[in-house]
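Read off the chains here:
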Amino acid sequence: MKKKLLIVGMIALLSVGLIACQNGGNQKAGANGDKKTVLHLAALESAYGKDMWTKIADVYEAANPNVKVELTVDKNVEEVVSPQMKAGNYPDVVLLATGRKLGLTETMIKDKALEDITDVFDKNVYGEDVKVKDKLIPGFTDTLATNPYNDKKTYLAPMFYSPTGLFYNKALLEEKGWEVPKTWDEMWALGDKAKKEGISLFTYPTTGYFDAFVYSMLLEAGGPDFYNRAMRYEDGIWESPEATKVFDLIGKLAKYTAPTTVANGNDQNYKKNQQLVLDNKALFMPNGTWVVGEMKDAPRAKNFEWGMTALPAIEDGGDRYAFTFFEQMWIPSQAKNKDAAKDFLTFVYSDKASDIFAEAGAIQPIKDISSKLSGDNKIFYSIYDNGAKAGMGGFAATDPVEGVSMGDTLFGTIDSIVSGNKTVKAWQKAVEKASDQLRPAVKN
């Protein structure tokens, strides 16, 4: 009998031990002895700063005492989490957009390593009586940027969005009596006037900033259907008359570009190109609303005032586009706390969260968000109230194709166009070739 009781006792102790081991990796004891889910959030520290994420974690923990949020917020967050992921330790939820140099988000898309979060948008916002999908501005979950496989499923949640366009010194144009160009013909005429006064018409931070620029031009040249066909690498699309207009316009714009742009158009010196606009040495540059934060401490011309406009129309009366770039939040398919991560995704669209983000300048695609804004942001986010159309979504996801990068070919080549080292025709031909190579690799 004693032996039987001893065995039973050992089994009970072993069971308790096993349960403790199973819970130990993802849970911690709460103040009252209950177990808390530990939610690991990894986020890029951008121009919006790190403090807003600490505030978000604190507010969420207060609203949900069963969760402890562990933060990894870094300017190079992919360099921090990638080694951990390779070792099998995945964050539960990640804020990291596509378009980054290391391409971690694109890699996750290509590897089909993201969790399907379609159901998140049918859930109520955490602590509110409204569904996530009903709180968002329409269209933000209907693009290849959120539905990369075109399978009617959402894998990336739209977060901070920024209308892009041409940024300029409003005070300079008013002082000179110059009108903001509404067409490209007006743009060239203004460029000729500015040149006589030693001012370049155009500059750009790096060629990476041409993504939204080229996307907007494609939409202006051919409309949404044409644009979506280009994004899916349709045969011959980059040699079409519509695409040829875009290539030729950029080729002409290269001749109006500030001469120091290419030399400084890199990750180390890009602010020198942005400074050209603040110093009245260049009129326009493609950028997003984050530039205000990036350059807030930079010297500037007297009476400088930020202005922003959509791209000029290709033809008089034609559509003008301001492409909207937005960051994405996603859940790795190998995350250990996917249900908790989905609950957190609903929380980030709450009034409490959006107020914290907006205070830092991070604006989400939430209905009526502009009513909470002031100053420069009020101007920037009203661009769509002034006749500009919003463009969204990028290239369809593909399997990796060795030696082929549409980003490098389509955008990166522009330095060579500006410097004169490559012709527009050769550039156009190279883009069509890259498109041909990527088309069979599209993930359907």
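As shown above, the structure is provided for reference.
**Side note on the packing of aromatic side chains**
Here's step 1: For the structure on display, the rule yields 36 aromatic pairs.
Here's step 2: Summarising the aromatic geometry, the rings of phenylalanine 202 and phenylalanine 213 are spaced 5.9 Å apart at their centres and angled 50 degrees between planes, so their arrangement reads as tilted. With phenylalanine 202 in strand E6 (residues 200-202) and phenylalanine 213 in helix H8 (residues 210-231), this residue pair connects regions lying 11 residues apart in the sequence.
Here's step 3: For phenylalanine 202, a relative accessible area of 1% corresponds to the buried category.
Here's step 4: Residue phenylalanine 213 is classed as buried on the basis of its relative accessible area, which comes to 3%.
Here's step 5: Ring pairs connect the aromatic residues Tyr215, Tyr227, Tyr233, Trp238, Phe247, Phe323, Phe395, Phe411 and Trp427, which therefore count as one cluster.
Here's step 6: Lysine 112 extends its terminal NZ or CZ atom over the ring of tyrosine 149, reaching a point 5.2 Å from the ring centre.

**A few points about the nonpolar core**
Considering soluble globular proteins, one finds that nonpolar side chains tend to be buried as a cluster.
Here's step 1: Counting 58 residues, the largest nonpolar core has Leu201, Phe213, Trp238, Leu283 and Leu410 as the members making the most contacts within it.
Here's step 2: Excluding its chain neighbours within four sequence positions, the residues that come into contact with leucine 410 are Val214, Trp238, Phe247, Phe395, Trp427 and Val431.
Here's step 3: The next biggest cluster of nonpolar side chains, apart from the first, holds 38 residues, and it includes Leu136, Met159, Val348 and Ile356.

**Regarding the environment of alanine 430**
Here's step 1: Tracing the chain through its elements places alanine 430 in helix H18 (residues 424-438).
Here's step 2: Separated by 102 residues in the primary sequence, alanine 430 and glutamine 328 place their C-alpha atoms 30 Å from one another.
Here's step 3: Those residues in contact with alanine 430, other than ones at most four positions away along the chain, are Thr409 and Lys422.

**Points about helix H14 (residues 351-359)**
Here's step 1: When H14 is considered as a whole, its buried residues turn out to be Ala353, Ser354, Ile356, Phe357 and Ala358.
Here's step 2: For H14, the secondary structure elements touched by its buried residues are helix H2 (51-63), strand E5 (157-169) and helix H13 (338-347).
Here's step 3: Glycine 361 lies just past H14 and shows a positive phi near 95 degrees.

**Brief notes about the environment of tyrosine 215**
Here's step 1: As for its placement among the helices and strands, tyrosine 215 is situated in helix H8.
Here's step 2: Taking the C-alpha atoms as reference, tyrosine 215 lies 9.9 Å from phenylalanine 395; in sequence the two are 180 residues apart.
Here's step 3: Those residues in contact with tyrosine 215, other than ones at most four positions away along the chain, are Tyr227, Met231, Phe323, Gly393, Gly394, Phe395 and Phe411.

**So, unusual backbone geometry**
Here's step 1: Phi is positive for lysine 152, which is not a glycine, with a value near 65 degrees.
Here's step 2: With respect to the helices and strands, lysine 152 occurs in the loop between helix H5 (132-135) and E5.
Here's step 3: Looking at lysine 152, the relative accessible area reads 80%, which means it is exposed.
Here's step 4: Of note in this structure, asparagine 280 is not a glycine but carries a positive phi near 60 degrees.

**Some words on the packing of H8 against helix H9 (residues 241-254)**
Here's step 1: Between H8 and H9, the least distance of the axes is 9 Å, while the angle of their chain directions is 160 degrees. The angle between H8 and H9 places the two elements in the roughly antiparallel class. When the axes of H8 and H9 are compared, the crossing they make is right-handed. Packed against H8, whose contacting residues are Phe213, Val214, Met217, Leu218, Ala221, Gly222 and Phe226, the element H9 presents Glu242, Ala243, Val246, Leu249, Ile250 and Leu253 at the interface.
Here's step 2: Among the residues making up the contact of H8 with H9, the classes are represented as 11 nonpolar, 1 polar and 1 charged.

**Quick word on a negative patch on the surface**
Here's step 1: Taken together, the side chains of Glu179, Asp185, Glu186 and Asp316 make up a negatively charged region of the molecular surface.
Here's step 2: Structurally, the position occupied by glutamate 179 is in the loop between helix H6 (170-176) and helix H7 (184-196).

What counts, and at which threshold
- Residues numbered from 1 in each chain as written.
- Predicted model: local features only at pLDDT ≥ 70, side-chain atom pairs only at ≥ 80, totals over all residues.
- Heavy atoms only, no water.
- Phe/Tyr/Trp six-rings, centres within 6.5 Å; stacked < 30°, edge-to-face > 60°.
- Helix = DSSP H or I, 4+ residues; strand = E, 2+ residues; numbered from the N terminus.
- Buried < 20%, exposed > 50% of the residue type's maximum accessible area, 1.4 Å probe, protein only.
- Lys NZ or Arg CZ within 6 Å of the ring centre and 35° of its normal.
- Core = buried A, V, L, I, M, F, W, Y, C linked by side-chain atoms within 4.5 Å.
- Contact = heavy atoms within 4.5 Å.
- Axes fitted to C-alpha atoms, helices over the stretch in contact; angles between N-to-C directions.
- Parallel < 35°, antiparallel > 145°, perpendicular 65-115°, else oblique.
- Left-handed = near helix turned anticlockwise from the far one by under 90°.
- Nonpolar A, V, L, I, M, F, W, Y, C, P; charged D, E, K, R; others polar.
- Patch = residues over 30% accessible without salt bridge, like charges linked within 9 Å, V, L, I, M, F, W, Y side chains within 5 Å.
- Areas by Shrake-Rupley, 256 points an atom, 1.4 Å probe, with all protein chains shown as cover.
- Salt bridge = Lys/Arg side-chain N within 4 Å of Asp/Glu carboxyl O.
- Lys, Arg positive; Asp, Glu negative; His and termini not counted.
- Charge placed at Lys NZ, Arg CZ, Asp CG, Glu CD.

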